[in-house]
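# An overview of the molecular structure
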Amino acid sequence: MKNYSKGIRTLLMTGIIVLLLFPIAVLFNTSLKTYSQITQWPPTWFEKPLLWQNYMEVLFGDKSIARPFLNSIQISLASMVVCIAIGILAAYAVSRYEFAGRRTFLKIVIITQMFTSVILVNPMYVIFRNLGLLDTKISLIISSAASSLPMTIWLLYSYFSQIPKSYEEASWIDGCNKIQAIRYIILPLAFPGIITAGLFSFIMSWGDLVYAKAFILSPKLRTISLYLTDFRELYKTSWETQMAACVIAVIPPFILFMIIQKYLVRGMVSDGVKS
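Since the model is a prediction, treat every value here as computed from it, not as a measurement. (Residues numbered from 1 in each chain as written. Predicted model: local features only at pLDDT ≥ 70, side-chain atom pairs only at ≥ 80, totals over all residues. Heavy atoms only, no water.)

### Observations concerning the pattern of salt bridges
- Applying the stated criterion across every chain yields a total of one salt bridge.
- Of the charged contacts in the structure, one is a salt bridge between E98 and R102, with a shortest N-O distance of 4.0 Å.
- Given the relative accessible area of 11%, R102 is considered buried. (Salt bridge = Lys/Arg side-chain N within 4 Å of Asp/Glu carboxyl O. Buried < 20%, exposed > 50% of the residue type's maximum accessible area, 1.4 Å probe, protein only.)

### Quick notes on the packing of aromatic side chains
- Evaluation of the coordinates by the stated rule reveals 13 aromatic pairs.
- Geometrically, the ring pair formed by F28 and F46 is tilted, given 6.0 Å between the ring centres and 55° between the ring planes. In this pair, F28 sits in helix 1 (residues 2-30) while F46 sits in the loop between helix 2 (35-39) and helix 3 (53-60), placing the two residues 18 residues apart along the sequence.
- Given the relative accessible area of 34%, F46 is considered partly exposed.
- Considering the side-chain rings of Y211 and F215, the 5.8 Å spacing of their centres and the 10° angle between planes classify their relative orientation as stacked. Remark: F215 and Y211 occur in helix 11 (residues 210-215); sequence separation between them is four residues, near one turn of the helix.
- The rings of F22, F28, W45, F46, W52 and Y55 are connected pair by pair, giving a single aromatic cluster. (Phe/Tyr/Trp six-rings, centres within 6.5 Å; stacked < 30°, edge-to-face > 60°. Helix = DSSP H or I, 4+ residues; strand = E, 2+ residues; numbered from the N terminus.)

### Examining helix 10 (residues 191-206)
- Taking 1.5 Å per residue, 16 residues should reach 22 Å; helix 10 reaches 22 Å between its end C-alpha atoms and fits that length.
- P192, G193, I194, I195, A197, G198, L199, S201, F202, S205 and W206 are the residues of helix 10 that are buried. (Expected span 1.5 Å × (residues − 1).)

### Description of helix 8 (residues 165-173)
- Turning to helix 8, its buried residues number three or more, namely Y167, E168, A170 and S171. Buried residues of helix 8, viewed axially, fall in a sector of 160°; they line one side.
- Downstream of helix 8 by one or two residues, G175 has phi in the positive range, about 105°. (Arc of directions from axis to C-beta.)

### Some details on the environment of S31
- Looking at where S31 falls in the secondary structure, it is placed in the loop between helix 1 and helix 2.
- What makes S31 buried here is its relative accessible area of 0%.
- Sequence separation of S31 and L131 is 100 residues, and the distance between their C-alpha atoms is 42 Å.
- In this structure S31 touches L51, N54, Y55, E240, M243, A244 and V247, once residues within four positions along its chain are discounted.
- One polar contact links the side chain of S31 to the main-chain carbonyl oxygen of F28, over a distance of 2.6 Å. (Contact = heavy atoms within 4.5 Å. Polar contact = N/O pair within 3.5 Å; in protein donor to acceptor, adjacent residues only side chain to side chain.)

### What to know about the side chain of S148
- By secondary structure assignment, the location of S148 is in helix 7 (residues 137-161).
- Look at S148 and you get buried, because its relative accessible area is 1%.
- For S148, the residues in contact, after removing those within four places along its chain, are C83, Q113, F200, S201 and M204.

### Quick notes on the nonpolar core
- In this structure, I65, L156, F160, I163 and F231 are the most contacted members of the largest nonpolar core, which totals 42 residues.
- At nine residues, the largest contribution of residues to this core is made by helix 13 (residues 239-264).
- L133, L140, I141 and A212 belong to the second largest nonpolar core, which has 13 residues in total. (Core = buried A, V, L, I, M, F, W, Y, C linked by side-chain atoms within 4.5 Å.)

### A look at the confidence of the model for the protein chain
- Overall, the predicted model of the protein chain reaches an average pLDDT of 84, with 93% of residues at or above 70.
- When the criterion is pLDDT under 50, residues 267-275 qualifies, and its contacts beyond four places in sequence or with other chains add up to eight contacts. (pLDDT = per-residue confidence, 0-100.)

### A few points about the packing of helix 4 (residues 66-96) against helix 10
- It is at 8 Å that the axes of helix 4 and helix 10 come closest, and there the two elements cross at 140°. Relative to helix 10, helix 4 is oriented oblique. The element helix 4 and its partner helix 10 pack so that their crossing is right-handed. For the pair formed by helix 4 and helix 10, the contact residues are F69, S72, I73, I75, S76, L77, S79, M80, C83, I84 and I88 on the first element and I194, G198, S201, F202, S205 and W206 on the second. (Axes fitted to C-alpha atoms, helices over the stretch in contact; angles between N-to-C directions. Parallel < 35°, antiparallel > 145°, perpendicular 65-115°, else oblique. Left-handed = near helix turned anticlockwise from the far one by under 90°.)

### Digging into unusual backbone geometry
- One non-glycine residue, D135, adopts positive backbone phi at about 60°.
- Considering the arrangement of structural elements, one finds D135 in the loop between helix 6 (117-131) and helix 7.

### Observations regarding the environment of V121
- Note on placement: V121 falls in helix 6.
- On the basis of relative accessible area, V121 is assigned to the buried category, the value being 11%.
- Through-space distance from the C-alpha of V121 to that of S201 is 18 Å; in sequence the pair is 80 residues apart.
- Not counting residues within four places of it along the chain, the set of residues in contact with V121 comprises V210, Y211, A214 and F215.

Next comes the structure, spelled out in structure tokens:
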């Protein structure tokens with residue numbers, strides 16, 4: 001009976017994995033075809049010859065994604081740094097200090113995460129227009145950071161709350177001040193949470209389309225998500241080059257996740273910390 005249940009769970013998990021990977025397989029398969037091969041029925045899988053020139057076209061052709069790609073890298077990294085910096089300060093204050101309105105603040109933080117970019121884009125547009133920040137990378141950095149910051153604070157708050165205050169008190173006895181205790185004790189222990197929050201904010205900024213479409217007018221400032229819409233013409237969508245561009249656009253979040261995935265599963269550690 002135990003083996004039977006284990007087999008069912010394995011079969012179920014395999015089915016879920018296949019369903020998750022199927023869109024990726026379709027994406028990659030489409031990127032290696034001609035337009036006529038894509039529209040034919042029944043569809044084929046990885047029909048030879050594989051058209052790797054589709055990737056060369058989106059990298060070095062007339063519709064090169066090189067500049068939008070770099071723009072998205074800069075904006076996403078800047079947004080991630082802003083979210084982590086502000087999130088650490090806010091989460092530490094809420095988790096370590098008792099003050100009036102503390103619980104209300106936490107409720108407001110989680111409630112603001114419910115407002116989507118579609119709702120926030122219009123008031124943000126008015127603010128950036130009055131400040132003269134429209135059609136700048138700063139507008140996208142601020143808007144992306146603002147959308148990701150509530151979840152960043154909540155994630156870091158949950159990690160900081162799990163770290164006993166006795167760790168900091170022990171460091172104070174050893175001669176550390178509060179800043180040193182945060183740097184050498186709190187941040188290393190909360191590092192998995194910081195990595196998780198940073199990855200979340202990076203992906204949110206990388207995939208943003210609403211803010212980019214509303215705030216950016218200059219072609220040289222377009223992001224990768226906004227540029228992917230340019231493959232759609234009046235009577236035709238160049239699916240083969242659009243899918244090739246999508247594959248390339250997936251690479252930075254994938255590489256970032258592979259680099260830091262070991263930290264995502266790291267639990268609370270206390271090696272070298274006096275208790």
